[in-house]
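Survey of secondary and tertiary structure
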Amino acid sequence: MLKQRAETLGVHVILIAYSLIAIGPILLVVMNSFKARKAIFGAPLAPPNADTFSLVGYAKVFHASHVVTYFGNSLIVTLASMVLVLLLGAMAAWALTEYRFRGSTALALFLSIGIMVPIRLGSVAILKMMRAAGLNDTLTALILVYIAQGLPLAIFILSEFIQQIPKDLRDAARCDGVPETRIFFEVIAPLLRPAIATVAVFTIVPIWNDLWFPLILTSSDSTHTITLGVQQFLGQYITDWNAVLAALSMAILPVVAIYVIFSRQLISGLTAGAVK
Amino acid sequence: MAEPMSQVVASMPRGRFLALMALFLGPSVAVYTLFSIYPLIATMALATYTTDSAGAYAFVGLANFVTLLADSVWSKPFWNAAWNNLIFFAVHMAVQNPIGIALAGLLSLPGIRFKSLYRTAIFLPTMLSVVIVGFSWNLILSPLWGVAEGALKSVGLGGWFAPWLGLPSTALATLALISVWQFVGIPMMLIYAALLNIPDELVDAARVDGLGNFRIFWHIKLPLVLPTIGLVSVLTFVGNFNAFDLIYSVKGALAGPNFASDILGTFFYRTFFGYQLQLGNPTMGAAVATVMFFIILVGVCFYLFVIQRRMRRYAF
């Protein structure tokens, strides 16, 4: 019994130590962003107190960059991509798992290429295409690319979920003469809600965090996303530690807040066998 | 998979069934083909052309690839980036995946409390943008701030500190470890999910036989999650050979010092867009992307046809 308790204690020590390694650096950046310059360098590990508290970095970020525009752009791009990836992905996943027709397996294979092959490698042609279509430097270009990028994995994950839905459900609806489109939108789609967290982690978070496509497809301030905006701001203000720490914290805090709120569903969605 | 389709669907007129499929699959297939598959093929096609200063394209066959792999102006940075990328991947395989497996093993032990708290904390960095993570570590490891140096001093290892991100000998390994720190949550989560799926009877039987937790993990659980470890490995491979953001945000497009941290992603970016006085070259950029595509293809095929096939025998 004693041996077992010592073992449990050891496990907790390791897990606590690793958790600290994981969140320590994030905490350090956020904590110091609320401090005056002198305190950042004088006592980096001390939390801000009445003497050292300062928002000068945040004021600088709001003053010197289009942070509100960037944030709005990221929100538009991510939300539009999310809605369309989930809607189109669920429709495709439903059609591929529910109906068998000639070529359905081939089509499923074709759609799964994108899970393994990064769309980034097509960037040269994507830029050329967007320029030709007059979509260069627009949020639309980003949204289209992100839908194409997110769909394959979303279809894969959603298919796994759809297979777990009991067959009786749709067959009962069919016996009542409900048309196929309504079966999907009114019976199946609401049942896919638990899959949203899983799809979000694997396809939506990478969209919010992406640097590559904003870097190659957008060129003006009015179309930059927050990730690119922060990256460029950091490059310009690298010597202004208050501003840099504030910009980093502003990019960290919304993601952390959403993550902590949804982490329970998110982790249960991840471990619910969607990706075995 | 030969389940009989519902009678209602089977008796549907052919035209209506096709219209239904077009409605459900059409938009996905269209967007995906147009913005993912077509650009990949077009990029490969573009790699066989060259362009002059007037912007006219001329077909040159495989000449771009010969230049890239054999002309020392191109081949030296290319092989440097490819070699660095291999090291980047090796660090992930040697550090990230074992730590992820170990953490998953600890979390899946029976009777451990606060599991969800630990998982939330350890997975948190994975959710952040690589740009944020890169810059944060850049500050932490900076000799200017002195946080890392101070931390080492407090445990009596102050002499160990060096500006790791700035030295040619350590920059790449340091960047790889930053990436490991960020993404260790992915192997942890996937392997944890696989460990939860192991039937309790197997573990209980071993416990009755008097096996301790460590031996149960090593001899029973680990062999059963090998397929997931294979999946994690191929995901790591694809992610690493496509990496760009971290190096670009910490070291810039030049991947310094003196290209010591240059990987294929940053090399591709410089070739495509140019840097400093060097102009961008879309056709050579396309050639680099094509080579990266084939590297990733080889890795994925190795996984699908060698690793996965061999492991399916142990799958449960």
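Residues numbered from 1 in each chain as written. Chains lettered and ligands numbered in written order. Predicted model: local features only at pLDDT ≥ 70, side-chain atom pairs only at ≥ 80, totals over all residues. Heavy atoms only, no water.

Here the focus is the overall build of chain A. Within chain A one finds 13 helices and zero strands. Across chain A, helices and strands are ordered from the amino to the carboxyl terminus as α-α-α-α-α-α-α-α-α-α-α-α-α. The C-alpha atoms of chain A give 23 Å as radius of gyration, which overshoots the globular expectation for 276 residues (19 Å, by more than 25%). Taken along the three principal axes of its C-alpha coordinates, chain A extends 70 × 70 × 30 Å. Burial status across chain A gives 53% buried among its 276 residues. Taking the contacts inside chain A whose residues are at least 6 apart along the sequence as the reference set, 72% of them involve residues at least 24 apart. In the form shown here, chain A has an accessible surface area of approximately 12,300 Å², with 68% of it arising from carbon and sulfur atoms. (Helix = DSSP H or I, 4+ residues; strand = E, 2+ residues; numbered from the N terminus. Rg over C-alpha atoms; globule rule 2.2 N^0.38 Å. Buried < 20%, exposed > 50% of the residue type's maximum accessible area, 1.4 Å probe, protein only. Contact = heavy atoms within 4.5 Å. Areas by Shrake-Rupley, 256 points an atom, 1.4 Å probe, with all protein chains shown as cover.)

On to the UniProt feature "transmembrane region" (unreviewed entry) in chain A. All names here are of chain A. Under the present numbering, the feature "transmembrane region" (unreviewed entry) in UniProt falls on residues 9-31, 75-96, 108-127, 139-162, 183-208 and 243-262. Here residues 139-162 is 100% helix and 0% strand, with 32 Å between the C-alpha atoms at its ends. Taken end to end, residues 243-262 has its terminal C-alpha atoms 29 Å apart, with 100% of it in helix and 0% in strand. (UniProt positions renumbered as here; feature names shortened; annotations may be inferred.)

Within this structure, the stated rule accounts for 34 aromatic pairs over all chains. Ring geometry for tryptophan 94 of chain A versus tyrosine 99 of chain A: centroids 6.1 Å apart, planes at 85°, classification edge-to-face. As far as burial versus exposure is concerned, tryptophan 94 of chain A and tyrosine 99 of chain A are alike and both buried. Between tyrosine 49 of chain B and phenylalanine 59 of chain B, the aromatic rings sit 5.5 Å apart at their centres with planes inclined by 75°, giving edge-to-face as the arrangement. With tyrosine 49 of chain B in strand β1 (residues 49-51) and phenylalanine 59 of chain B in strand β2 (residues 57-59), this residue pair connects regions lying 10 residues apart in the sequence. Cluster of aromatic residues (ring-pair linked, three or more members): Trp94, Tyr99, Phe101, Phe184 and Phe185 of chain A together with Phe17 and Phe24 of chain B. Stacked on the ring of tyrosine 57 of chain B, the Lys or Arg lysine 128 of chain A has its end atom at 4.6 Å from the ring centre. Looking at arginine 270 of chain B, its charged tip hangs above the ring of tyrosine 275 of chain B, at a distance of 5.5 Å from the centre. (Phe/Tyr/Trp six-rings, centres within 6.5 Å; stacked < 30°, edge-to-face > 60°. Lys NZ or Arg CZ within 6 Å of the ring centre and 35° of its normal.)

Bringing the interface of chain B and chain A into the picture now. Tallying the contact residues gives 92 residues for chain B and 96 residues for chain A. Carbon and sulfur atoms make up 80% of the area that chain B and chain A hide from each other, which totals about 8,600 Å². Applying the counting criterion to the chain B and chain A interface returns one salt bridge. Scanning the region where chain B abuts chain A turns up 17 residue pairs in polar contact (both at pLDDT 80 or more). The dominant element in the side of chain B that touches chain A, judged by the number of residues it contributes, is helix α2 (residues 14-46) of chain B, at 22 residues. Grouping the amino acids of the side of chain B that touches chain A by side-chain chemistry returns 72 nonpolar, 16 polar and four charged. (Buried area = accessible area lost by both parts, 1.4 Å probe. Salt bridge = Lys/Arg side-chain N within 4 Å of Asp/Glu carboxyl O. Polar contact = N/O pair within 3.5 Å; in protein donor to acceptor, adjacent residues only side chain to side chain. Nonpolar A, V, L, I, M, F, W, Y, C, P; charged D, E, K, R; others polar.)

So, on to the UniProt feature "domain: ABC transmembrane type-1" (unreviewed entry) in chain A. When the UniProt feature table is mapped onto this chain, "domain: ABC transmembrane type-1" (unreviewed entry) is found at residues 71-262 of chain A. Here residues 71-262 of chain A is 79% helix and 0% strand, with 21 Å between the C-alpha atoms at its ends.

With that settled, consider the domain arrangement of chain B. Interfaces are often described in size by the accessible area the parts lose on coming together. All names here are of chain B. Examined at the domain level, chain B breaks down into domain 1 (20-59) and domain 2 (72-314). Taken over C-alpha atoms, the centre of domain 1 sits 31 Å from the centre of domain 2. Taken together, the contact pairs nine residues of domain 1 with seven residues of domain 2. With both chains or domains summed, domain 1 and domain 2 bury close to 620 Å², and 82% of this area falls on carbon and sulfur atoms. (Domains from an automatic or database assignment.)

Here we take up helix α3 (residues 56-64) of chain A. Residues separated by three or four positions in an α-helix point in the same direction, a consequence of the helix having 3.6 residues per turn. Among the residues of α3 of chain A, those classed as buried are Gly57, Tyr58 and Val61 of chain A. For α3 of chain A, the arc enclosing every buried residue in end-on projection is 100°, short of the 170-degree limit, so these residues lie on one face. (Arc of directions from axis to C-beta.)

Quick look at the environment of valine 178 of chain A now. Mapped onto the secondary structure, valine 178 of chain A falls in the loop between α8 (167-175) and α9 (180-191). With near-sequence residues (within four places) excluded, valine 178 of chain A lies in contact with Ala173 and Ile183 of chain A.

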